[in-house]
Amino acid sequence: MTHLLTRDSSVPFTRSRGMNAGSMPVNVYETETGIAIDATLPGFDKDDIEVTVDAGRLRIRAEHNVETCEDSGHDHADRRYRYREVFRRTAERSFEIGDRFDAGAIQAELDKGVLHLELPRSEAERAQKIEITGN
């Protein structure tokens, strides 16, 4: 699991030991309104990808099963494979976002194999201007 932009933003986010980052490389960067994540998912359609937020954790999961892709017009039943490595592809990443981001306002777009997520800061995390009273 990766911790996104800890309260001390000078601390880099960390990846858990068991994570195979190569299966879904990501770029995480700050924007004016929060953060953005670009996850590289070549060969996956939007129907193969699921993005969820639960208990302060953002999860990206992509799964593609070659055996069942006949629905999308690819018929592999008549092929006589000599060597086969690709049966099923699964990639998953998760990020600890806590309550720092507005889960209901997250936007996701898939374009040319890159899933782009926009995570706006929650109202409590946005800078607040304090009015000064007196003279």
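The structure this text deals with has already been given above.
Residues numbered from 1 in each chain as written. Predicted model: local features only at pLDDT ≥ 70, side-chain atom pairs only at ≥ 80, totals over all residues. Heavy atoms only, no water.

J.: Lay out the pattern of salt bridges in plain terms, naming residues and giving numbers.
T.: Throughout the structure, instances matching the rule amount to five salt bridges. We note a salt bridge from Arg57 to Glu96, for which the minimum N-O separation is 3.7 Å. One end of the pair, Arg57, is in strand E5 (residues 57–65); the other, Glu96, is in strand E6 (residues 88–96), with 39 residues separating them in the sequence. Glu96 gets classed as partly exposed once you look at its relative accessible area, which sits at 23%. In this structure, Arg61 and Glu63 form a salt bridge, with 3.4 Å as the shortest nitrogen-oxygen distance. Judged by relative accessible area, Arg61 falls into the partly exposed class, the value being 23%. By relative accessible area, Glu63 is classed as partly exposed at 26%. Three or more residues joined by partner-sharing salt bridges are found here, namely Arg59, Arg61, Glu63 and Glu92. (Salt bridge = Lys/Arg side-chain N within 4 Å of Asp/Glu carboxyl O. Helix = DSSP H or I, 4+ residues; strand = E, 2+ residues; numbered from the N terminus. Buried < 20%, exposed > 50% of the residue type's maximum accessible area, 1.4 Å probe, protein only.)

J.: Before we move on, can you summarise the side chain of Arg93 with the specific residues and values?
T.: Checked against the element boundaries, Arg93 lands in strand E6. For the buried Arg93, no salt bridge exists, and the shortest N-O distance to an oppositely charged side chain is 9.5 Å, to Glu92. At a separation of 2.8 Å, a polar atom in the side chain of Arg93 contacts the main-chain carbonyl oxygen of Met24. (Lys, Arg positive; Asp, Glu negative; His and termini not counted. Polar contact = N/O pair within 3.5 Å; in protein donor to acceptor, adjacent residues only side chain to side chain.)

J.: If you had to explain unusual backbone geometry to someone new, which residues and values would you point to?
T.: One non-glycine residue, Ala55, adopts positive backbone phi at about 50 degrees. Residue placement: Ala55 occurs in the loop between strand E4 (49–54) and E5. Even without glycine at this site, Lys112 takes up a positive phi of about 55 degrees. With respect to the secondary-structure elements, Lys112 resides in the loop between strand E7 (107–111) and strand E8 (114–120).

J.: Which residues make up the nonpolar core, and what are the values?
T.: Within soluble globular proteins, side chains that are nonpolar tend to cluster in buried spots. In terms of nonpolar packing, the biggest core is built from 20 residues, with Ile37, Leu41, Leu58, Ile60, Phe95 and Leu119 touching the most fellow members. Listed by contribution, the elements that provide at least two residues to this core are strand E2 (26–30), strand E3 (34–40), E5, E6 and E8. Residues contacting Ile60, with those up to four places away along its chain left out, are Met24, Ala39, Ile49, Glu50, Ala91, Glu92, Arg93, Phe95, Leu115 and Leu117. (Core = buried A, V, L, I, M, F, W, Y, C linked by side-chain atoms within 4.5 Å. Contact = heavy atoms within 4.5 Å.)

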